[in-house]
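Here are the chains, one letter per residue:
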Amino acid sequence: MSHGQYMRFTFHCKKEKPVSRKSKRIAIIGAGPAGLGAAGYLACKGYYITIFERLPYPGGLMVFGIPELRIPKRRVFLGTKELEDIFEVEFKLRNRVIAGDGRKSSGDEIAEKTINLEEIINEYDAVLITTGIWISRKLPAEGADKEGVYPALDFLFRNRLYDLGLIRANQRIKLGKRVAVVGAGLVAVDAALEARSMGRKVYLLSIERRREAPAGGYEINRLLRIGVEHIERVIVKRILGDEKVSAVEIVSVDAEIKEGRILKLEPIPGTERVIEVDTVITAIGQIPSPPMSKEVLGIKLDKRGRIV
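Residues numbered from 1 in each chain as written. Predicted model: local features only at pLDDT ≥ 70, side-chain atom pairs only at ≥ 80, totals over all residues. Heavy atoms only, no water.

S.K.: Can you tell me about the state of the cysteines, naming the residues and giving the values?
M.R.: One pass over the structure, following the stated rule, counts one disulfide. Note on cysteine connectivity: Cys13 is disulfide-linked to Cys44, with sulfurs 2.1 Å apart. Taking the sign of the S-S torsion, about -65° here, the bridge from Cys13 to Cys44 comes out left-handed. Taken together, the residues span a long stretch of sequence, with Cys13 in the segment before strand 1 (25–29) and Cys44 in helix 1 (residues 33–44) at a distance of 31 residues. On the accessibility criterion, Cys44 (14% relative accessible area) is buried. (Disulfide = S-S within 2.5 Å. Helix = DSSP H or I, 4+ residues; strand = E, 2+ residues; numbered from the N terminus. Buried < 20%, exposed > 50% of the residue type's maximum accessible area, 1.4 Å probe, protein only.)

Here is the structure:
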């Protein structure tokens, strides 16, 4: 098997277990790209590695978020199999690690066991926390709590669970006939692609123009070619409907964007209009999801929720 056929996390060394092993035991919390990359590096150095992962398979968002057309799951699974079979990395799957009161994020309900971080710290010589960004930013718009508003990450996650045979079709997020996807990053593009592939009318609503989109102009053009309607330089002002989504009210904005940063954002009075939709998928970014929501065990978080 050539390296191009699978994702090789032990690219720092030859495809063989180190002759000498170190006595130190290292725990890694999270089996996403960062955790697997760290495991591969440390396994090459001869350390004994145990990875704790709350989901049923390793891979993180590479397996449970990103569609197959971008990252084939088989490549990831073959790479983790090499870690396990040749380098003796131990995977403890469906194990959710928390510290203090914990912090809820997408996928926690899949775990079968909860372990306190302090137990792991006491048992291992070193611990790496590589838990990724599994908490979606909330849409700052009136009515964002209505039925029919979903984070794109949850939509994609449940589709991946279905692809892997872990849930039934009726457990996926049910879309209406007309879907508004808010955002212009790759997560937004992936959500729009999937919604369109399911036969829905899809609107992509973004502050960015096509050439400014974080996903890149190529990805936006791909959406346009399959019939997605891109409405640029707008924000969602309100989500309309009694209890369920019936429409979104958008307003044009005067914006200045440089190198992905929004330097200016001002709504333009009188440009409000309404688009009839019955589902809103929000993709305006994710935030870190460490095992704790505040300082615990001497581990501090910054204002953005990242471990200091």
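S.K.: Let's hear about unusual backbone geometry: which residues, and what values?
M.R.: In the Ramachandran plot, Arg233 falls in the positive-phi region, its phi being about 60° despite a non-glycine side chain. Tracing the sequence through the fold places Arg233 in the loop between strand 11 (229–232) and strand 12 (234–240). The backbone phi angle of Leu297 is positive, close to 60°, even though this residue is not glycine. Structurally, the position occupied by Leu297 is in the segment after strand 17 (286–287). Leu297 sits in the partly exposed class, given a relative accessible area of 39%.

S.K.: Talk me through the packing of aromatic side chains; I want residue IDs and the actual numbers.
M.R.: Counting across every chain of the model gives four aromatic pairs. On the numbers, 6.0 Å between centres and 50° between planes, the contact of Phe64 with Phe157 is tilted. Placement of Phe64 in helix 2 (residues 61–64) and of Phe157 in helix 5 (residues 152–163) is noted, with a sequence separation of 93 residues between them. Exposure class is identical for Phe64 and Phe157. Each is buried. (Phe/Tyr/Trp six-rings, centres within 6.5 Å; stacked < 30°, edge-to-face > 60°.)

S.K.: Summarise the environment of Pro140; cite the residues concerned and give the values.
M.R.: As for its placement among the helices and strands, Pro140 is situated in the loop between strand 7 (135–136) and strand 8 (149–151). Residues Pro140 and Arg238, spaced 98 residues apart in sequence, show a C-alpha to C-alpha distance of 9.1 Å.

S.K.: Help me get a handle on the packing of helix 5 against helix 6 (residues 186–197), residues and values and all.
M.R.: Running from amino to carboxyl end, helix 5 crosses helix 6 at an angle of 55°, the nearest separation of the two axes being 9 Å. Taken together, the axes of helix 5 and helix 6 lie oblique to each other. Between helix 5 and helix 6 the crossing geometry is left-handed. Taking contact as the criterion, the partners of Ala152, Leu153, Phe155, Leu156, Asn159 and Arg160 in helix 5 are, on helix 6, Val187, Asp190, Ala191, Glu194 and Ala195. Looking at the contact of helix 5 with helix 6 residue by residue, the classes come out as seven nonpolar, one polar and three charged. (Axes fitted to C-alpha atoms, helices over the stretch in contact; angles between N-to-C directions. Parallel < 35°, antiparallel > 145°, perpendicular 65-115°, else oblique. Left-handed = near helix turned anticlockwise from the far one by under 90°. Contact = heavy atoms within 4.5 Å. Nonpolar A, V, L, I, M, F, W, Y, C, P; charged D, E, K, R; others polar.)

Limitation: the analysis is restricted to geometry and does not speak to function.
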